[in-house]
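Now for the letters of each chain:
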Amino acid sequence: MFDQNVLAMFGIVASMFVLYLLIWLFWLRLQVQPRGTPVYQETPPDRLSPASARYLFKKEYDDVAFVCSIASAGTKGYLSAKCLGKKVSVSKEYRSTSSDLWTVSRQDDYRQKDLTEDEDVALSSLFDYEETVEVSQYNQKLISKSLTAHEDHLKKELDNSFINFHPKLRIMATVMYLICASGMAWVIRESNYMELSFLFFSIILILGLVGVEIFFSFLSIGMSWFTPQSSFSDMLKFGGEDFFRTVFFILIGTGLCSMIWILLSPELIFFFLILRGLNRWFFAKTKQYTLQGRRIMDQLEDFRDYLLQRRPKDISSVPRTSVYSTFTEKWRPYAIALDIEQAWVELAGNNSSTLTWFEVEHLSGVFPIGTSFSNSLKAASPIRKGSGGGGGDGGE
C-alpha cells in the first residue's frame, strides 16, 4: 500500500516524536518546578513590575506587557490616557480598523517618580519626540521602537535567570531536523533515479526548507489575528498593508514548498512540514521556569488567587494618595498582566470611571483597558516576529 520511502518517513517522524517525548518525560518534566503550597498573598512579589509579571506569566513578550507599563505609569501619576472610541479612518495608505483610538500624554517629569527600569525604557522611547502620542499607524515607527526597546530590556532582565530555554536542546532538534529532511530528500532522489545534478538538488532542497520556515512563520502571525470576536472583514481591515504582506509571504512559502512537491516528491513536503511542526512543539516544551522563576510565579499565582477570590476593601474607604487613587487602580496593572482584568474589576464593583489617569468616551460598565489598548498597539505597529511561537501561559 505504501512504498518504502513513505514508510521510512513515517518511521523517522515516529522516532523523533518518541525521542522528544522521552526527553520531555524523563528530563524536562522532571526539571519542572511544581507550584508550592498556596499561601495568602495580598501583594505581588517585591520589585516585580507588572510588565515583568506579564513576561513571566506568558513566558514570552507580547503587546500586553507594554500596556502593563502604561497602566503602571498612569497609576503613578506620570501619564494620562484617553480612549476616543473606534477608529474611523487612519490614512490613505491604511484601511480603517475596528480597534480603539488611544492617546497617551505625559503629565510631568517621570524621572521624579518611582518608575521601574522597564517602564523607564519603554516610556522614554514613547515620549522621545512629543508630549502626547496617538496610538495609530501615523506613529508606527515610534511605537515599534518603543515595543522593541521594552522587549529587549525584559528579555535581558528575565531570560535565563527566571526562564530556561534550553538552547542546546533547540540546537540538537534543529540539527536533527535538517539531517533527516536532507537525508530523506537524497534517498528519494536516488531511489527514483532522478537526473538532478548535486547543485540543482541542493538549491531545490534549500529553497524548500526556506519555504517551510516562511510558511510557518507568517502562518503563525496570520493565525494570531483570529479571535472569537473577529471576522474576515476585521482581519482585512486590521492587517491593512501587513495583511496583504503576510498573505504574500505565505504564498511565497507555499510556492517554494511546491518545488519539492513537483521536482522531488509530494510526500516529501508533508514530511518537511510535519517534522518542522514537531520541532516547534518541542521548542515550546523547552521553556521552563528556573527555581527562582518558579518561586516568583508561586507568589504571582497566590496573588492572582487573592484578587479573584476575595472582594477588595470598599473603594470609598481607601484614602486617595498622590501615587494610587483607589484600591482597584493600584492593582489593575497586575490584573491586566495576569489576564484577570475584567473579572477583577467586576469583583471590585468598580469600573474605569474611577481611574484618575484614564478617560474613555461613552463609558458604560466595565471597560477592558488591557484588551483595548493591546489591540490598538497591534493595529498601529508592523508585524513583529521577535517573540517565539508556542509560548505557554503561566502557572506550569
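About the cut-offs
- Residues numbered from 1 in each chain as written.
- Predicted model: local features only at pLDDT ≥ 70, side-chain atom pairs only at ≥ 80, totals over all residues.
- Heavy atoms only, no water.
- Salt bridge = Lys/Arg side-chain N within 4 Å of Asp/Glu carboxyl O.
- Helix = DSSP H or I, 4+ residues; strand = E, 2+ residues; numbered from the N terminus.
- Buried < 20%, exposed > 50% of the residue type's maximum accessible area, 1.4 Å probe, protein only.
- Axes fitted to C-alpha atoms, helices over the stretch in contact; angles between N-to-C directions.
- Parallel < 35°, antiparallel > 145°, perpendicular 65-115°, else oblique.
- Contact = heavy atoms within 4.5 Å.
- Nonpolar A, V, L, I, M, F, W, Y, C, P; charged D, E, K, R; others polar.
- Patch = residues over 30% accessible without salt bridge, like charges linked within 9 Å, V, L, I, M, F, W, Y side chains within 5 Å.
- Areas by Shrake-Rupley, 256 points an atom, 1.4 Å probe, with all protein chains shown as cover.
- pLDDT = per-residue confidence, 0-100.
- Pairing = 2+ DSSP bridges.
- Arc of directions from axis to C-beta.
- Phe/Tyr/Trp six-rings, centres within 6.5 Å; stacked < 30°, edge-to-face > 60°.
- Lys NZ or Arg CZ within 6 Å of the ring centre and 35° of its normal.
- Core = buried A, V, L, I, M, F, W, Y, C linked by side-chain atoms within 4.5 Å.
- Expected span 1.5 Å × (residues − 1).

Draft legend 1. Representation of the pattern of salt bridges. Applying the stated rule across the entire model yields twelve salt bridges. Between Glu213 and Arg276 there is a salt bridge, with the nearest N and O atoms lying 2.5 Å from each other. One end of the pair, Glu213, is in helix α7 (residues 198-224); the other, Arg276, is in helix α10 (residues 266-285), and 63 residues separate them in sequence. Taking the relative accessible area as the measure of exposure, Arg276 reaches 10% and is therefore buried. When salt bridges that share partners are traced, they join Arg54, Asp62 and Asp339 into one network.

Draft legend 2. Structural detail: the packing of helix α6 (residues 167-191) against α10. Interaxial distance between α6 and α10 falls to 10 Å at its minimum, and their mutual angle equals 170°. Considering their axes alone, α6 and α10 lie roughly antiparallel with respect to each other. Residues Leu169, Arg170, Met172, Ala173, Thr174, Tyr177, Cys180, Ala181, Met184, Ala185 and Ile188 of α6 pack against Leu268, Phe271, Phe272, Leu275, Arg276, Asn279, Phe282 and Phe283 of α10. Grouping the amino acids of the contact of α6 with α10 by side-chain chemistry returns 15 nonpolar, two polar and two charged.

Draft legend 3. Quick peek at a nonpolar patch on the surface. A grouping of Phe17, Val18, Leu21, Leu22, Phe26 and Trp281 is seen on the molecular surface, where their side chains present a nonpolar patch of about 540 Å² in accessible area. With five residues, the top contributor of residues to the nonpolar patch is helix α1 (residues 4-31). Topologically, Val18 is positioned in helix α1.

Draft legend 4. Summary view of the confidence of the model for the protein chain. When pLDDT is averaged along the protein chain, the result is 77, and 74% of the positions lie at 70 or above. Predicted confidence in the protein chain is weakest over helix α8 (residues 232-239), with a mean pLDDT of 49, and strongest over helix α2 (residues 50-58), with 93. When the criterion is pLDDT under 50, residues 311-325 qualifies, and its contacts beyond four places in sequence or with other chains add up to 25 contacts.

Draft legend 5. Looking closely at the pairing of strand β2 (residues 100-106). Counting buried positions along β2 yields six of seven residues, so the element is predominantly enclosed. Note that β2 and strand β3 (residues 132-135) share four bridges and pair antiparallel. The residue bridging Val104 from the neighbouring strand is Val133, located in β3.

Draft legend 6. Broad picture of helix α4 (residues 117-126). Those residues of α4 lying buried are Asp118, Glu119, Ala122, Leu123, Ser125 and Leu126. Down the axis of α4, the buried set is contained in an arc of 155°. They therefore lie on one face.

Draft legend 7. View of unusual backbone geometry. Even without being a glycine, Lys59 presents a positive backbone phi close to 65°. Structurally, the position occupied by Lys59 is in the loop between α2 and α3 (63-75). Its identity as a non-glycine residue notwithstanding, Asp339 has a phi of 60°, on the positive side. Here Asp339 shows up in the loop between α12 (327-337) and α13 (341-348).

Draft legend 8. Seen up close, the packing of aromatic side chains. A full pass over the atoms with the stated rule returns 15 aromatic pairs. Ring geometry for Phe17 and Trp281: centres 6.0 Å apart, planes at 35°, overall tilted. Placement of the pair is Phe17 in helix α1 and Trp281 in helix α10, with a sequence separation of 264 residues. Judged by its relative accessible area of 30%, Trp281 is partly exposed. Their ring planes at 75° and their centres at 5.5 Å tell us that Phe248 and Phe249 sit as a pair that is edge-to-face. Among the aromatic residues, those joined into a ring-pair cluster are Tyr40, Phe303, Tyr306, Trp331 and Tyr334. The ring of Phe201 is capped by Arg189, whose NZ or CZ atom sits 5.8 Å from the centre of that ring.

Draft legend 9. Focus on the nonpolar core. Core analysis: the biggest nonpolar cluster contains 59 residues, and Leu79 and Leu123 have the highest contact counts within it. Per element, the largest residue contribution to this core is eight residues, and it comes from α3. Those residues in contact with Leu123 that lie beyond four places of it in its chain are Ser69, Ile70, Ala73, Tyr78, Leu79 and Leu115. Among the nonpolar cores identified, the runner-up in size contains 34 residues, and Met9, Met16, Leu169 and Phe272 belong to it.

Draft legend 10. Spotlight on the packing of α3 against α4. Two numbers describe how α3 lies on α4: the axes approach to 10 Å, and their chain directions differ by 90°. Taken as axis vectors, α3 and α4 run roughly perpendicular relative to one another. In this structure, α3 uses Phe66, Ser69, Ile70, Ser72 and Ala73 to contact α4, whose residues at the interface are Asp118, Glu119, Ala122, Leu123 and Leu126. Taken together, the residues that form the contact of α3 with α4 break down as six nonpolar, two polar and two charged.

Draft legend 11. Spatial organisation of helix α11 (residues 291-309). With 19 residues, α11 ought to run about 27 Å at 1.5 Å a step, and its terminal C-alpha atoms sit 27 Å apart, in line with that. By the burial criterion, the buried members of α11 are Gly293, Arg294, Ile296, Met297, Asp298, Leu300, Glu301, Asp302, Phe303, Tyr306 and Leu307.

Draft legend 12. Seen up close, the environment of Cys68. Residue position: Cys68 is located in helix α3. Residues Cys68 and Ala53 lie 15 residues apart in sequence; the distance between their C-alpha atoms is 9.1 Å. In this structure, Cys68 is in contact with Pro50, Ala51, Arg54, Pro333, Ile336 and Ala337, ignoring residues within four places of it in sequence.

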